[in-house]
Structures are given as C-alpha cells and as structure tokens.
Amino acid sequence: MKILLLLFGFLFYMSLSAQTIKGVVIDKQSQATIPGAKVVLKTADTIIRTLSDIYGEFRLENIPLGRQVIQVSYPGYELVTIPNLMVIVGKELHVKVQLEERINEIAEVVVSGKDKSGEIINKMATVSTRSISIDDVGKFAGSLQDPARMAQNFAGVSGANDARNDIVVRGNSPGGVLWRMEGIDIPSPNHFSTLGTTGGPISMLNINNLANSDFMTSAWSADYGNALSGVFDLQLRNGNHSKREYIAQVGFNGFEFGAEGPFKKGKRASYILNYRYSTLAIMSALGINLGTGTAVPQYQDLTLKLDFPTKKAGRFSIFGIGGISYIESETDSTETDNIYFFPSTKSNVSSSTGILGVSHRYFFNNKTFSKLVLSASTQNSGIDIDTLLNNNYIKFYSQSNNQTKYSANYKINKKFNAKNTATIGAIYDYFSFDIIDSIKVGNSYSKTSDFRGGTSLVQAYLMWQHRFSNLLTMNLGVHSQHLLMNNSNSLEPRVGLKYKFTERQTLSIGGGMHSQMQRVPSYFYEEIVAGESTTPNKSLNFTRTIHSVIGHDLDIGKGLHLKTEFYYQYLYNAPVDTFPSAFSALNQGADFAEFSRTGLVNEGKGYNYGGELTLEKFYSKGYYFLVTASIFDSKYQGSDQVLRNTAFNTNYVFNALGGKEFKIAKKMTLGFDVKVTYAGGRRYTPIDLPASQASGSAVYIYSKAYSEQNPAYFRTDFKITFRMDQKKISHWFSIDLQNVTNQKNIFLYGYNSTTNQLGATYQRGFFPDITYKLWF
C-alpha cells in the first residue's frame, strides 16, 4: 500500500510541472519599452492573457510544456505572432518582442498577425540578412552548437575546412567577416585563432549565453565597417532577474556549468555566467586516448553578462568573454596517430583571447536614446616548432603575435515619427601591437617581422530610415573610416529599399561601398634594403568593395517561404606584388599558412556574382526544413593581369536539412534532424612533381594558381535528440553523427617529402558528438 501511495504521489508530483513565459515589448524603431501591450497565449484548453507593466515587461505563468505560440498587440502597432516557443520545466523562457508602429493608425482588429519567425534584429537591415536563432543552433545537425557552423547552412555561405569554422561568403575570403558583440567589434571568438583571422577549430561562443543575433552577407547598413564579406552581430542575453537557474553540460565542446539569476530577490539587476573546460583534456587526464595521439587540445573559456537597470540613470551592463587554448606535441619518425603535427617535431601552439566591456543605454524620452559601449580586448597567439636533428631538438620557427585593443562606440537614435528614424554614431579603436617571429635559415635565424607600436582606426556613420507607407521602406546611410597609421580614408554610401508589393511578396534592393584594413601582421613584415630594415607594407590602403543585390521573398503560407537573391560584388585595391605574379590578398585564408610578403601595392581586383535560392519552413506542426542552393563565380586578378579563379570559387553549394519531433509521452520528446551538403571542391595550385622531387619540397606552378579543383564535397549528418522534463529539472540528450557515411572528402593535395609523391589530406571522417544537458 505504501508503495502504491508513493507511486501515485510521484505521478502527481510529475503532473504539476509547468513553466513561465516572460519578456519585454519594445518599439522597433525607438527601442523604447511599451507598457500596456496585450500578450495572449492560446492552448487547447484555455486562453492565458496579460498586459506589459510600466517597464514593458510581461509574465505568463502556468504555461503547459512544449511548443507554444503567443500574440502581442498594442493600439497603433502591427499585431505580431511569435510561434515555436519551446517551454521546458528547467528554465523560464524569455522573449523580446519588437512592435512596429503603423503609418496610418486604424482601429485595431483581431487578425492572425505578422509571423515573427526569423525576425531580423537590426531595423536598418534590408537585404541578405538572416537571424541566427539560438534554438536552431542547438537543433541543426552538424552545427556542434556553434553559430558560425550553423551559418554555413544559409544560402551563399560555406565552410573552408571541416576542422575549422571559417565562413566563406559568396566566394570571399573568411578574413572579410566582421565579428561584433553587444555593439562593439571584437577579435575572432575562437580557440586556437591567430591574429587577423576570423575562424578557428573550436568556438568560444556559448549558446547558453547568446540571444538571437543577426548574420549579414551583403550590403549591410552603415553602422558596420571594416568588413568586406559578412557581419556577425552577436547579442548576449540578460540573466533571469526573478529566479536563479542553472545548467550543466558535457559533450564535444567541453564540460560546462552555468548560473543565472537576480543579485537580490525582488530587484531587476541580474547576472549570467558560463564556464567550460576541454573534454579532450579531461579524458586525457583520465588516461583515455580519443585518437589525437600525444597532442591533446587544452582549452577553457568563460562568458558573463551583468545587467543593472536603473529608474533614472539608464541601463548599465558589463559583459565579457575570455578563453585560453594550447596544444603541445612531441613526435618521432614512427608516430602515425598524431593528426596535428609532422613526425620528428616538438611543437607548441597557443592562443588566448579576452574581451571585457561595459555599456550604458539612456533614454532621453520615449523617442530618443543613446548607447555608449567601452571595451578592452586582447588577442595573443604563439607558435614554437623544433626539429629533431642528430637526436637533438633544434629551434626551427618561433612566432608571437599580440594585440591589445581599446574601443568605444557611441550612438544616438531618434524616432521622429512613425515614418522617420535616424541614427548617428562613431567608433574608435586603438590597436597596440607586439609582433615578432624568426625562422632558421642555414646556421642563422632570420626575422620576417619585429614590431611594437600602435595605431587608431576611427569610424563614423549616419543612417536614416524613411517608411513611405506600411509597405515601402527606404534605408539610407553613409559610413567613413580613417586609419591613422598611414592616413587611409574611405567614404562609403549605403542604400536599401524594401517594398511589399502584395500581401505575400516582398522585393528588396541593396547596395553600398565597404572597405577593410589589412590583416595586422601584414603591415609589419620586414624587408632589408641597403642593410636597413624597412616595412614597405605599412603604407597599404584599405581593400575596397562595392556590393549590389536584389532579392524577392514569397510567403507561401503556413510558415513556408521561398526567397531568391542575385548579387554582384566588385573588389579592388587588394594587395598584390609589384612584379607580375598570381598573388593576391583576396585568397588570404585559403590555407593554414598566412602570407608574409613585402613590397605589396593596392592594385589587385576581383569580382563575385551569383544567385541563391532558399526554401524554408519554420518549425510548426512538429517539423521544419531548410533547402538552399547557391551558384556563383569568384574571380581575381593579380599583378600579372591574368583573370583566375579565387581559392574559394567552388561554384556551387547545396544544403538540405530538416527535422521532426515526436511527443512520445506527456513530458518526453524524441527528435530527428538530418543535413545533407553537396558542394564544389576546393581550388588548388598544381605542384610540379619532378621539380619537387629534385628539391625535396613542394614546387608550385604559380602560373596556374587555383586552376585545379578537388572532386565535389558531399557530407551527411544525422542527429537524434531526446528531451525529458521533470518537476524542476529538464534533461536534453543528443547524438550528432557527423559525416555519417564516412565520406572521404579531399581537403588539399600536397607533396610528401618522405614518399617523394603527391598525396591527399582528407576532411574529417565519421565523427559522433554526444551531448548531455541538464537545466535546473
């Protein structure tokens, strides 16, 4: 009898589980909160409704678990519908709702409302912009919970290497991407990254700290600068200011623990932080070899945000992200299981990145606000390689690149009326460099760079949005930037036009000029002239580009969209050699090695053009899918004036992914997700085999640079997810089977000095990623 009572008590305990949806309602243009907005959630059994309070915040309690939909409305504003809200027992759900004021106010009527699936955060974005949903990052097969890898599913985007998360946008170098966090430009947020690169093997970004963010691939608005190919605008979410919550996780990305909650109960100030440590390092310490040989990647990172709202002084936030990583290897001539280093070497590769910032948002009134962000960041990378000679290790190569950056971004946003909104702002970056390397040449060591100093990059921008009607919007802007080190200047107009010419069809047009300073170390490579050390690259100007794009979006209905875009991009002022050659900095980032050339001039050119198609069904009725097709051509011209394929001209990329969830019990869900990628192979420069055999090292035929292409790339990922809710705990378990068919995709061809033959290096084979999360 006691057992039956305990069993019934347990079942009753489990049946009580419910959760809270809360959030804030703001004006899309002015960003001011909207008190009194109506929030409604309809379930099969009842209707739950509330109004936003004086802070624009709302709270819906006792919400059933599972996927839910809310509607938000306010007189004079468009009613919006927010579907696909995942409610779990272990964590309260926070939603940020942006309402757009109608041009001509009419009496409010009950309609289905605008579906906000995939809503873009930046109100000035017109074309080629996607919202990065954190729910999708965790859901998509093959993403490794990495926003950069998740973005590779979008039209026009591909990866350069399975082992890294570099983003190739429309045939451009990964180095053309800008990372921004909380309104400030940041260095590459990746472990094992190097100065001036934008990717890495393992992301430092923790999706448990991120809010939905924007990713742009062309003709972005004037508040972004110093980028050529794309912008990742990341937002960190605030911690829960009404309840303390925790998360624990173990998987490929690491062992992790996170906490969030109010500093003081009943107050609105909050904190959120997450710490992570390398899974491979822990397994190695336990004596478990996962196939990396003696080279075990060691890394750890911390992400935090502290939020302090005040009644009269505005809102203050402190945010930060920091990570350190290193890998050591000592190999002999017989070792074959080391995937990182060559035999007979002793190597150490290290990197560290730290970002700390403070922001202040102040509303002068409900139409005007200012935002100031101050930050300091540091990025350090080092490489030491020793070679084995006569049973002794001899120093062969050493490199140390260190950058400290102090940044400020100040802007004022003014909404004049429902039709007109303007933003003016300025960005200041001070860079401090310490760059040195040396390589053994014969019996002595030679330096290619040895520089310590600093410089400033100053940017300013002005934007104006004019809404002619509820159907037609124009975004105009101008961006300028100036590099004090060599007085490089750029003035860049931007324009965007969006016209909803039928209830379900929207036409978008965008264009603008963009520019980017060169990779920092490239300015300081040394050249000896008449016995004196010089840095001829120091005078290099910005690389520049002109974007133009036209897009069409068809809302087919029931969450299904068909989107097409066509674009042309012209690049110029790219660094090339002074003598006739095939070299161009537009190919930077194609290989692990970075160019270290001197005497460069801004005379290189290039272009990219293509078309993209996206067919997407946002999650509803238990399933979703995304199909993207990209066909493009990417060419460049070096100082020899020969038009060639760029290193990134794979010509086509096709992605198909989707997923289905099954509710197998009241509080248990089983999900299946799949992704298939088919893309053109990497371009490469052929090798002269006889000449390489004679010299003992690779001899490239540079006159035929990037004329060869690897076979097509094909990969299939399959993911199984199980979720279970208990009274106060939510469990999430997934098995992500990456490259499930173990397809051997060629990464690059190279010359093997041991066999004196050409050989292929392959992309990553079958790789299972197992993850377990616990919210409580």
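Criteria and cut-off values
- Residues numbered from 1 in each chain as written.
- Predicted model: local features only at pLDDT ≥ 70, side-chain atom pairs only at ≥ 80, totals over all residues.
- Heavy atoms only, no water.
- Patch = residues over 30% accessible without salt bridge, like charges linked within 9 Å, V, L, I, M, F, W, Y side chains within 5 Å.
- Areas by Shrake-Rupley, 256 points an atom, 1.4 Å probe, with all protein chains shown as cover.
- Salt bridge = Lys/Arg side-chain N within 4 Å of Asp/Glu carboxyl O.
- Helix = DSSP H or I, 4+ residues; strand = E, 2+ residues; numbered from the N terminus.
- Pairing = 2+ DSSP bridges.
- Axes fitted to C-alpha atoms, helices over the stretch in contact; angles between N-to-C directions.
- 1 Å grid on protein atoms, 1.4 Å probe; cavity = no way out; pocket = protein on both sides within 12 Å on 5 of 7 lines; lining within 4 Å.
- Points joined across faces, edges and corners; volume = space filled by probe spheres on them.
- Nonpolar A, V, L, I, M, F, W, Y, C, P; charged D, E, K, R; others polar.
- Core = buried A, V, L, I, M, F, W, Y, C linked by side-chain atoms within 4.5 Å.
- Buried < 20%, exposed > 50% of the residue type's maximum accessible area, 1.4 Å probe, protein only.
- Contact = heavy atoms within 4.5 Å.
- Phe/Tyr/Trp six-rings, centres within 6.5 Å; stacked < 30°, edge-to-face > 60°.
- Polar contact = N/O pair within 3.5 Å; in protein donor to acceptor, adjacent residues only side chain to side chain.

A. Representation of a nonpolar patch on the surface in the model. A cluster of nonpolar side chains, Ile318, Leu356, Val358, Phe364, Leu372, Leu374, Tyr410, Ile412, Ile424 and Leu462, forms an exposed patch at the surface whose accessible area comes to about 820 Å². With three residues, strand β23 (residues 345–365) is the single largest residue contributor to the nonpolar patch. Of note, Ile412 is situated in strand β25 (residues 392–415).

B. A look at the sheet that holds strand β1 (residues 19–27). If you walk across this open sheet you meet the three strands as β4-β1-β7, and the pairing is mixed. Of all strands in the sheet, those with a lone pairing partner are β4 (57–63) and β7 (93–99), marking the two edges. Taken over all neighbouring pairs, the strand axes of this sheet differ in orientation by 25 degrees on average, direction set aside. By the bridge criterion, five bridges tie β1 to β4 in an arrangement that is antiparallel. Residue pairing in the sheet places Val24 in a bridge with Glu57 of β4.

C. Representation of empty space enclosed by the protein. Per the stated rule, a full pass over the model turns up six cavities of 30 Å³ or more. Taken as a whole, the largest cavity encloses approximately 100 Å³ of empty space. As for the largest cavity, its lining consists of 16 residues, and the residues nearest its centre are Met124, Ser221, Asn475, Arg494 and Val495. Among the residues making up the lining of the largest cavity, the classes are represented as nine nonpolar, six polar and one charged.

D. Fine view of the nonpolar core. Within the largest apolar cluster, 32 residues are counted, with the highest numbers of intra-cluster contacts made by Ile132, Phe154, Ile167, Phe215 and Phe232. Sequence-distant contacts of Ile132, that is, excluding residues within four places in its chain, are made with Val137, Pro147, Met150, Ala151, Phe154, Asn212, Ser213, Phe215 and Phe232. Counting 22 residues, the second largest nonpolar core, distinct from the first, contains Ile21, Ala37, Val87 and Val95.

E. Quick peek at the pattern of salt bridges. This structure, assessed with the given rule, holds 32 salt bridges. With its nearest N and O atoms 3.0 Å apart, the salt bridge here joins Asp146 to Arg149. Residue Asp146 is classed as buried on the basis of its relative accessible area of 2%. Under the relative-accessibility criterion, Arg149 is labelled buried at 7%. Shared partners join several salt bridges into a network, and the residues in it are Arg67, Asp135, Asp136, Lys139 and Glu661.

F. Spotlight on the environment of Ile664. Looking at where Ile664 falls in the secondary structure, it is placed in strand β39 (residues 652–665). Between the C-alpha atom of Ile664 and that of Phe722, which follows or precedes it by 58 residues, the distance is 9.9 Å.

G. Fine view of the pairing of strand β22 (residues 315–330). Relative to β22, strand β21 (residues 298–309) runs antiparallel, the two sharing 12 bridges. Counted as the bridge partner of Thr303 is Ile321 from β22. Between β21 and β22, which pair antiparallel one after the other, the connecting turn spans five residues, and Gly314 there sits at a positive phi close to 95 degrees. Pairing between β22 and β23: 16 bridges, direction antiparallel. In the sheet register, Phe316 faces β23, and the bridge partner there is His360.

H. Spotlight on the packing of aromatic side chains. Across all of its chains, the model carries 26 aromatic pairs by this definition. Judged by centre distance (3.8 Å) and plane angle (5 degrees), the rings of Phe451 and Phe524 are stacked. Taken together, the residues Phe451 in strand β28 (residues 450–467) and Phe524 in the loop between β31 (505–516) and β32 (527–529) connect sequence positions 73 residues apart. The exposure classification of Phe451 matches that of Phe524, with both residues buried. Judged by centre distance (6.1 Å) and plane angle (70 degrees), the ring pair of Phe662 and Phe672 falls under edge-to-face. Within this pair, whereas Phe662 is found in strand β39, its partner Phe672 is found in strand β40 (residues 668–679), the two being separated by 10 residues in sequence. Residue classification places Phe672 among the partly exposed positions, given a relative accessible area of 29%. Taken together, Phe431, Phe433, Phe451, Tyr523 and Phe524 form an aromatic cluster joined through their ring pairs.

I. Broad picture of the sheet that holds strand β12 (residues 177–181). Taken together, five strands build an open sheet; the order of strands is β9-β16-β17-β12-β13 and the sheet is mixed. The two strands at the open ends of the sheet, each matched to only one other strand, are β9 (129–132) and β13 (184–186). Strand-to-strand twist across the sheet, computed as the mean angle between neighbouring axes with direction ignored, equals 25 degrees. Sheet topology note: the β12/β13 ladder contains three bridges and is antiparallel. If you follow Trp179 over to β13, its bridge partner there is Ile186.

J. Seen up close, the side chain of Gln763. Structurally, Gln763 can be placed in the loop between β46 (757–762) and β47 (767–775). Look at Gln763 and you get buried, because its relative accessible area is 9%. Looking at Gln763, its side chain comes within polar contact range of the main-chain nitrogen of Asp162, at 2.9 Å.

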